[in-house]
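Architecture and fold: a report
These are the residues of each chain, in order.
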Amino acid sequence: MIDLRESWRIGPVEVPTRLVLAPMAGVSVQAFRRQGRRYGAGLVCSEMVSCAGIEHRNEKTLGYLRVASDEHPLAIQLFGSNPRPMAEAARMVEAVGADIVDINFGCPVKKVTKTGAGAHLLEDPDRACRIVSAIADAVEIPVTVKLRRGVANGSRAALELGPRLVEAGAASLTLHPRSAQQMYTGTADHALTAELVSLVDVPVVASGDVTSRARAQAVLATTEAAAVMVGRGAQGNPWALREIVDGDDTEPSREEVAAELVLFVRETVRELGERRASGFLKKFYAWYLGRGRFPREFKQELLQLDSTEEIERRLLAAAPGAYEILERLEAEVPSGAELTLELPVSIYGGG
């Protein structure tokens, strides 16, 4: 039996558990990452950040570079297609206090691949290696890469590219063994992950279809990967992380669910502001309150409310015992000024 509480290393960075929380666009905000660390993720990752957005000092993009004091170790993930701007963006990732800079060579979404970034780079191995090399030369922190098996179904591009990326300076690789064409359909072919592990001398993280402790154990045992990555299974369900790491499959009570969701709402509003948070949070209500935890009508009712304060009121009214749990949670987690490390002023191009 593999101990998921065992630590491992990416270069000098010690990762305290064998569970990595995946970078997910439109999901992996700071509140999500910090919650993941509380529930057992050893490493958390930002959603992918556009190096073009950083280069042009886009205010929303720079917001993705906030680092909280309680989310280390943290990887900030970059995407782009040109080595020089990617290296510059990586320097900024290092400057804001991230522990690892991760590069996305796996995103299958058209608006990313059509710019020459994401999974497109699986078909341009020379450019992919130049990007990794430029970033590894630019920063002191470890450089890691997330990739898919290839663009087309059945592709084995990752097996050819992986060793070259390590040679170029990658300290770890994460493989999601689906093709870009597959998106999230079918199953992840972890036989390919095992092959990649045998080809490189750096830790490999196995991503895809890890939804339970039994599955995590099986993937680690058959691939000899250093860790597993969990993504969609943790959306609105941090208890899934606890089950994978500790084997604690106790279903959360309605009060626990409501308390975690209220805390998540408050943290997200602090991070994004009320206007952006209101829209961003809507998908989370279904994720948290589903799985038979609350009636469908209640979820629909929340979606009709205008402010996050009203959302909080309705949640706490529906599960009054959540107050006490929420108070305990808020006492345990840092907040406000105590929490967020300031970005270097120069990032904003001002005095």
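In this report, we go over the structure that sits alongside the text. (Residues numbered from 1 in each chain as written. Predicted model: local features only at pLDDT ≥ 70, side-chain atom pairs only at ≥ 80, totals over all residues. Heavy atoms only, no water.)

Digging into the packing of helix 13 (residues 296-304) against helix 14 (residues 308-318)
- Between helix 13 and helix 14, the shortest axis-to-axis distance is 9 Å and the interhelical angle comes to 155°. As judged from the angle between their axes, helix 13 and helix 14 are roughly antiparallel. The element helix 13 and its partner helix 14 pack so that their crossing is right-handed. When helix 13 is examined against helix 14, the residues Phe298, Glu301 and Leu302 are found in contact with a partner set consisting of Ile311, Arg314, Leu315 and Ala318.
- The residue makeup of the contact of helix 13 with helix 14, split by class, is five nonpolar, no polar and two charged. (Axes fitted to C-alpha atoms, helices over the stretch in contact; angles between N-to-C directions. Helix = DSSP H or I, 4+ residues; strand = E, 2+ residues; numbered from the N terminus. Parallel < 35°, antiparallel > 145°, perpendicular 65-115°, else oblique. Left-handed = near helix turned anticlockwise from the far one by under 90°. Contact = heavy atoms within 4.5 Å. Nonpolar A, V, L, I, M, F, W, Y, C, P; charged D, E, K, R; others polar.)

Points about the pairing of strand 8 (residues 100-105)
- Along strand 8, six of the six residues are buried, which leaves the element largely enclosed by surrounding structure.
- Residue alternation in strand 8 divides its side chains into two sets, Ile100, Asp102 and Asn104 and Val101, Ile103 and Phe105, and both sets are buried.
- Bridge count between strand 7 (residues 74-79) and strand 8: four bridges; the pairing is parallel. Each bridged residue has a counterpart across the sheet, and for Ile76 the counterpart in strand 8 is Val101.
- Considered for its hand, the β-α-β crossover made up of strand 7, helix 4 (residues 83-95) and strand 8 is right-handed.
- Here strand 8 pairs with strand 9 (residues 143-150) via five bridges, running parallel. Counted as the bridge partner of Ile103 is Val145 from strand 9. (Buried < 20%, exposed > 50% of the residue type's maximum accessible area, 1.4 Å probe, protein only. Pairing = 2+ DSSP bridges. Right-handed = clockwise from strand over helix to strand, strands pointing away.)

Thoughts on unusual backbone geometry
- Of note, the amide linkage connecting His72 to Pro73 takes the cis form, showing an omega dihedral of -5°.
- Along the chain, Pro73 falls in the loop between strand 6 (67-68) and strand 7.
- Of note, Asp209 is a non-glycine position whose phi angle comes to about 65°, a positive value.
- By the secondary structure assignment, Asp209 is in the loop between strand 11 (204-207) and helix 9 (213-223).
- Residues other than glycine seldom take positive phi values, yet Arg291 does so here, at roughly 60°.
- The topology assignment puts Arg291 in the loop between helix 12 (274-289) and helix 13.
- Overall, the relative accessible area of 47% leaves Arg291 in the partly exposed class.

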